[in-house]
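One letter stands for each residue in the lines below.
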Amino acid sequence: MYRRNGLSDGTSIHSVTSEASSSSDSLDGHCVDYAKSYDAVVFDVLKVTPGEFASQITLMDAPVFKAIHPEELACCGWNGKEKHRMAPNIVAFTRRFNQVSFWLVREILTAQTMKIRAEILSHFVKIAKKLLELNNLHSLVSVVSALTSAPIFRLSKTWALISRKDKGTFEKLNYLTSKEENYTCMREYIRSLKMVPCIPYLVAHCEKEGRG
């Protein structure tokens, strides 16, 4: 089995195994103790569908993104010494990015066998695709960044077990989120959305605005 999910500090996704769900019909009696200790529950990430994972990640990202004030973007203070004062909500948004990325790396590396590791890796590729469908570009980049990080990308034997379809999906997502030419592909994709709601990857937008 896998370690507890690490999507956020003290926050757990809503989907659990059927066994856990059947024991939590109410918060009365012993179920209260179960609810309090839920963040330590061990569960199999493969039991939660990519679509559900992407939806829950997006539900947690959305309020953090909406809390960002325009002046936080205008001051460009999220990288300075006063970032917690000048841009506290952007700092929180960045923290969400790191939480998702570190959680993904941990889940892959703590798999018990290479076969399971490959299945989890493929699962996260599918989650990334669902995040794109939800226009959650923030966590899409977080997932792709984790998959291209040294601890994961160097697992050549694990990547060799990934299906051609999933490899193709990953390559397309990696191209879309590429830093090449100041995130040209992503900025063009965001422009193509027009008025469709999305959770943007702020670095791609802010770097462009900063050079404008």
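Residues numbered from 1 in each chain as written. Predicted model: local features only at pLDDT ≥ 70, side-chain atom pairs only at ≥ 80, totals over all residues. Heavy atoms only, no water.

**Considerations on the pattern of salt bridges**
This is how the line gets drawn: By definition, a salt bridge exists where a carboxyl oxygen of Asp or Glu is found within 4 Å of a side-chain nitrogen of Lys or Arg. Secondary structure counts use DSSP, requiring at least four H or I residues in a row for a helix and at least two E residues in a row for a strand, with both numbered from the N terminus. Relative accessible area decides the class of each residue, using a 1.4 Å probe on protein chains only: under 20% of the type maximum gives buried, over 50% gives exposed, and in between gives partly exposed.
Enumeration over the complete set of coordinates arrives at four salt bridges. The shortest N-O distance in the salt bridge between Glu119 and Lys115 comes to 2.6 Å. Here Glu119 and its partner Lys115 are both found in helix α7 (residues 114-133), four residues apart, which amounts to about one turn of the helix. Its relative accessible area of 32% is what places Glu119 among the partly exposed residues. Here Lys130 ties to Glu133 by a salt bridge, and the two come within 3.6 Å at their closest N and O atoms. Of the two residues, Lys130 and Glu133 are both situated in helix α7; the distance of three residues between them amounts to about one turn of the helix.

**Description of the environment of Leu155**
The line we're drawing: Contact between two residues is taken to exist if any of their heavy atoms lie within 4.5 Å; hydrogens are not considered.
Inspection of the secondary structure puts Leu155 in the loop between α9 (150-153) and α10 (156-159). A residue is classified by how much of its surface remains accessible, and Leu155, at 19% relative accessible area, is buried. For the pair formed by Leu155 and Arg117, sequence separation is 38 residues and the distance between their alpha carbons is 9.7 Å. Setting aside its immediate chain neighbours within four residues, Leu155 contacts Ile108, Leu109 and Arg117.

**Side note on the nonpolar core**
Nonpolar side chains in soluble globular proteins generally cluster together in the buried interior. Filter applied, for reference: The criterion is simple. A nonpolar core is a set of buried Ala, Val, Leu, Ile, Met, Phe, Trp, Tyr and Cys residues joined through side-chain atoms within 4.5 Å.
In this structure, Ile108, Leu121, Phe124, Leu140, Leu147, Ile152 and Trp159 are the most contacted members of the largest nonpolar core, which totals 38 residues. Those elements that provide at least two residues to this core are α3 (50-66), α6 (88-109), α7, α8 (137-147), α11 (164-176) and α12 (180-193). For this core, the element with the highest residue contribution is α7, accounting for nine residues. Of all hydrophobic cores here, the second largest spans seven residues; its members include Val64, Ile90, Phe93 and Leu202.

**Things to note about the environment of Ala146**
Within the secondary structure, Ala146 is located in helix α8. As for Ala146 and Asn98, which are separated by 48 residues in sequence, their C-alpha atoms are 9.3 Å apart. When sequence neighbours within four positions are dropped, the list of residues in contact with Ala146 reads Ser101, Leu104, Val105 and Ile152.

**Quick notes on the packing of aromatic side chains**
Convention followed: What counts as a ring pair is set by centres within 6.5 Å for rings of Phe, Tyr and Trp (its six-membered ring), and what kind of pair is set by the plane angle: stacked under 30 degrees, edge-to-face over 60, tilted for all other angles.
Counted according to the given criterion, the structure contains seven aromatic pairs. Both rings, one in Phe153 and one in Trp159, keep their centres 6.0 Å apart while their planes meet at 65°; by these two values the pair is edge-to-face. Residue class for Phe153 comes out partly exposed when judged on its relative accessible area of 48%. On the accessibility criterion, Trp159 (11% relative accessible area) is buried. Arranged with centres 5.7 Å apart and planes meeting at 65°, the rings of Tyr183 and Tyr201 form a pair that is edge-to-face. Remark: Tyr201 occurs in the loop between α12 and α13 (202-211) and Tyr183 occurs in helix α12; sequence separation between them is 18 residues. Note on accessibility: Tyr183 and Tyr201 belong to one class, buried. An aromatic cluster of at least three residues, connected via ring pairs, comprises Phe53, Trp103 and Phe124.

**Focus on unusual backbone geometry**
Leave glycine aside and you will find that most residues have negative phi; peptide bonds, for their part, are mostly trans. In this structure, Asn135 takes a positive phi of about 60° despite not being glycine. Mapped onto the fold, Asn135 is located in the loop between α7 and α8. For Glu181, which is not glycine, the phi torsion reads 50° and is therefore positive. As for its placement among the helices and strands, Glu181 is situated in helix α12.

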